[in-house]
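Architecture at a glance
Okay, here's what each chain looks like letter by letter:
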Amino acid sequence: MQENRGIKKWRAFVTMPEQYIGLQKIINKQLEISKSHLTEEQMEQMNYILLEALHTLKTVHITYYKQGRHITETGVIEFVDSSKDVFIFINKAKEGRNKVRLSDLIDVSFI
């Protein structure tokens, strides 16, 4: 009988992990930021830098929008296709390829 009381005593805490997960989702949602809207001039300037970086293999800082966050990485542009709204860059730190939509690009600059 004593053993059952111990189980019942802790049963209320069984749902706690689910509550923490729910709270974390709420916090993450509140931390989300909206996507920046760029002017035509800003987009043209970034396109110019992307193409120059592609042809010269210069390293660039890239900031883009992904899942409610602005992500900044450093890398080399490998591919740009404006008709498909995509570019690919190689992240120097992680040594991996990233495929990003041009419409999600916020900023690009040479190091």
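See above for the structure.
Residues numbered from 1 in each chain as written. Predicted model: local features only at pLDDT ≥ 70, side-chain atom pairs only at ≥ 80, totals over all residues. Heavy atoms only, no water.

1. Concerning the environment of Asp 81
Spelled out, the test is: We count a stretch as a helix when DSSP gives it H or I for four or more residues in a row; a strand needs E for two or more, and each element gets its number in order from the N terminus. Partly exposed residues are those whose accessible area sits between 20% and 50% of the maximum for their type, while under 20% is buried and over 50% is exposed, using a 1.4 Å probe and protein chains only. Throughout, a contact is declared for two residues whenever any of their heavy atoms are within 4.5 Å. Residues adjacent in sequence count toward polar contacts only when both atoms are side-chain atoms; beyond that, a polar contact is any pair of N or O atoms within 3.5 Å, and within protein one must be able to donate a hydrogen and the other to accept it.
In this fold, Asp 81 is placed in strand 2 (residues 69-81). Residue classification places Asp 81 among the buried residues on the basis of a relative accessible area of 16%. Beyond its immediate chain neighbours, meaning those up to four positions away, Asp 81 contacts Val 86 and Leu 102. Looking at Asp 81, its side chain comes within polar contact range of the side chain of Ser 83, at 2.5 Å.

2. Digging into unusual backbone geometry
Within the chain, Gln 67 stands out as a residue other than glycine whose phi angle is a positive 50 degrees. Examined against the element boundaries, Gln 67 turns out to sit in the loop between strand 1 (59-66) and strand 2. In this structure Gln 67 comes out as exposed when scored by relative accessible area, which is 69%. At Asp 85, a position not held by glycine, the phi torsion is positive, near 55 degrees. Examined against the element boundaries, Asp 85 turns out to sit in the loop between strand 2 and strand 3 (86-91).

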